[in-house]
Each structure stands twice: as C-alpha cells, then as structure tokens.
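Working through the structure, step by step
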Amino acid sequence: MILRVLTLAGGIIGAGVAAQGPGFSRAYVFELEAAERTLSGVIAHFDAAARAAGIDRETALARLRGSALLERRRIDLTRNVERHMALEVQVLRLQAAGPFLRSYYLLRAPDAEALRATVQKFLPTAPRSRAELIFAAIGFIAGTAFARLLLWLPTWPARFRRRRALRS
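Below, the structure is looked at part by part.

Thresholds, definitions, all that
Residue indices begin from 1 for each chain and proceed along its sequence in written order. For this predicted model, a pLDDT threshold of at least 70 governs which residues receive local features, and a threshold of 80 or more governs which side-chain atom pairs are given and counted, while totals over whole chains, interfaces and linings are taken from all residues. As a rule here, side-chain values come from all non-hydrogen atoms in the structure, and water together with hydrogens is ignored. Between rings of Phe, Tyr and Trp, where Trp is taken as its six-membered ring, a pair exists when centres lie within 6.5 Å; planes separated by under 30 degrees are stacked, by over 60 edge-to-face, and by other angles tilted. By definition, any uninterrupted DSSP run of H or I lasting at least four residues is a helix, any uninterrupted run of E lasting at least two residues is a strand, and each is numbered from the N terminus. Type-normalised accessible area, obtained with a 1.4 Å probe on protein chains alone, sets the label of each residue: buried when under 20%, exposed when over 50%, and partly exposed for intermediate values. N or O atoms within 3.5 Å of each other form a polar contact, as long as, within protein, one can give a hydrogen and the other can take it, and as long as residues adjacent in sequence are counted only when both atoms are side-chain atoms. Contacts were defined at the residue level, with two residues in contact if any of their heavy atoms lie within 4.5 Å. Note on geometry: axes are lines fitted to C-alpha atoms, helical ones only across the stretch in contact, with angles between N-to-C directions running from 0 to 180 degrees. When an angle is under 35 degrees it counts as roughly parallel; over 145 it counts as roughly antiparallel; between 65 and 115 it counts as roughly perpendicular; any other value is oblique. Gly is put with the polar residues, along with every residue not named as nonpolar or charged; the nonpolar set is Ala, Val, Leu, Ile, Met, Phe, Trp, Tyr, Cys and Pro, and the charged set is Asp, Glu, Lys and Arg. Each salt bridge in this description consists of a side-chain nitrogen of Lys or Arg and a carboxyl oxygen of Asp or Glu lying within 4 Å of one another. Residues belong to a common nonpolar core when they are buried Ala, Val, Leu, Ile, Met, Phe, Trp, Tyr or Cys residues joined through side-chain atoms within 4.5 Å. Each C-beta atom gives one direction from the helix axis, and the arc is the one those directions make.

Regarding the packing of aromatic side chains
For any pair of aromatic rings, the description rests on two quantities: the centre-to-centre distance and the angle between the ring planes. Applying the stated criterion across every chain yields a total of three aromatic pairs. An angle of 85 degrees between the planes, with centres 5.2 Å apart, marks the rings of Phe24 and Phe122 as edge-to-face. Of this pair, Phe24 sits in helix 2 (residues 21–52) while Phe122 sits in the loop between helix 6 (112–121) and helix 7 (130–152), and the two are 98 residues apart along the sequence. Judged by centre distance (5.0 Å) and plane angle (15 degrees), the ring pair of Phe100 and Phe135 falls under stacked. With Phe100 in helix 5 (residues 99–108) and Phe135 in helix 7, this residue pair connects regions lying 35 residues apart in the sequence. Assessed through its relative accessible area of 42%, Phe100 is described here as partly exposed.

Quick look at the side chain of Glu36
For Glu36, the position within the fold is in helix 2. At 3.3 Å, the side chain of Glu36 forms a polar contact with the side chain of His84. Setting aside residues no more than four positions away along its own chain, Glu36 makes contact with His84, Leu87, Glu88 and Val91.

Focus: the packing of helix 2 against helix 7
Interaxial distance between helix 2 and helix 7 falls to 8 Å at its minimum, and their mutual angle equals 125 degrees. What the angle tells us is that helix 2 and helix 7 run oblique. Judged by residue contacts, Gly21, Pro22, Gly23 and Arg26 of helix 2 engage Ala131, Glu132 and Phe135 from helix 7. Within the contact of helix 2 with helix 7, the residues separate by chemical class into three nonpolar, two polar and two charged.

Examining the pattern of salt bridges
What the rule picks out here adds up to seven salt bridges. Residue Glu113 pairs with Arg83 through a salt bridge whose shortest N-O separation is 3.2 Å. Taken together, the residues Glu113 in helix 6 and Arg83 in helix 4 (residues 68–96) connect sequence positions 30 residues apart. On the basis of relative accessibility, which here comes to 18%, the residue Arg83 falls in the buried class. Within this structure, Arg83, Asp111 and Glu113 form a network of salt bridges that share partners.

Quick word on the nonpolar core
Tyr28, Leu32, Leu87, Leu94, Tyr105, Leu106 and Ala114 are the most contacted members of the largest nonpolar core, which totals 13 residues. The dominant element in this core, judged by the number of residues it contributes, is helix 2, at six residues. Other than its neighbours up to four places away in sequence, Leu94 contacts Tyr28, Val29, Leu32, Arg102 and Tyr105. Residues Ile55, Ala60, Leu61 and Leu64 belong to the second largest nonpolar core, which totals seven residues.

Considerations on helix 6
Taken together, the buried positions of helix 6 are occupied by Ala114, Ala117 and Thr118. Along the long axis of helix 6, the arc covered by the buried residues comes to 100 degrees, so they all point the same way. Relative to its buried face, helix 6 has exposed residues pointing more than 90 degrees away, namely Val119 and Gln120. The elements touched by buried residues of helix 6 are helix 2 and helix 4.

Written out as structure tokens, the structure is:
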C-alpha cells in the first residue's frame with residue numbers, strides 16, 4: 001500500500017513538473033524576443049555610427065583597436081552581432097513551432113542568458129491548455145514509471161536470490 005502511494009506521488013510530481021513545459025517555453029520565447037529587440041537596437045546604433053563615419057560594420061569593428069577599452073568594446077560588439085544573428089534564427093523558428101517542438105528546441109539549443117532570465121521570472125501555474133494537459137499526462141506516466149523503478153531497485157537483489165534458491 002505504501003509503495004502504491006509513493007508511486008502515485010511520483011506520478012503527481014512528474015505531472016506537475018511536465019505541465020510547466022509549454023508555459024516555460026512560451027516565456028522563453030518572450031525573453032528571446034526581448035533580447036533580440038535589444039540587440040537589434042545596439043547593432044542599429046553601431047551601424048548608424050559606422051555609416052556616419054563612411055565605413056561598413058566590419059571595417060568599424062576592425063578599427064576598434066588600440067587601447068584596452070576599445071579592444072573590450074570591439075569584443076563585446078562582435079559577440080552582440082553573433083548573438084543577434086543566432087537569436088534572429090532561433091526566434092523565427094520558435095515562433096513558427098507549436099508547443100511540443102518549442103519545448104524540443106528549448107532543450108536542444110537554449111540561449112544561456114535568455115534561459116537564465118526566464119528561470120528568474122517564470123512562475124509555475126496549473127495546466128490550462130490542451131498542450132499543458134498532454135504534457136501533464138506524459139509527465140504522470142513518466143513520473144510513475146520512474147518512482148516505480150526507484151522503489152523496485154532496492155528489492156531486486158533479494159528477489160534474484162529468492163528465485164535462485166527456489167530453483168535449487
């Protein structure tokens with residue numbers, strides 16, 4: 001009886017955790033969009049300054065050399081440009097994806113800064129959409145199976161010895 005209650009508790013915990021997947025991935029997309037908009041503004045200002053000087057972005061980045069401050073700024077701008085290009089692709093892909101693919105893409109290649117911001121701001125909720133209910137059902141099955149496995153593992157050696165003793 002206790003094993004069944006513990007197995008049920010594992011299933012309920014699994015359902016509760018898995019039901020947060022679609023909501024978390026939705027919040028992650030919002031964070032990605034905000035980061036992409038912010039970087040777009042930074043890059044647009046830099047490109048405008050480069051155009052005002054009569055040069056392109058690559059040349060402007062190459063000319064940011066000399067002092068330690070300029071070198072640091074060049075490295076930061078280069079990272080921002082690279083991250084912006086990656087975020088543009090990721091945002092377009094996540095906006096077009098449904099809740100299942102969005103969760104898959106989130107697990108596959110998350111942006112560290114956006115993920116950290118999402119974790120800090122995310123508040124768990126009860127499942128409200130069909131996708132959240134499906135995730136909860138999958139989580140319940142997985143949580144039940146995992147709890148059952150954890151409860152079965154300590155008894156396995158004794159069962160193996162008992163079967164062996166019955167055979168001889």
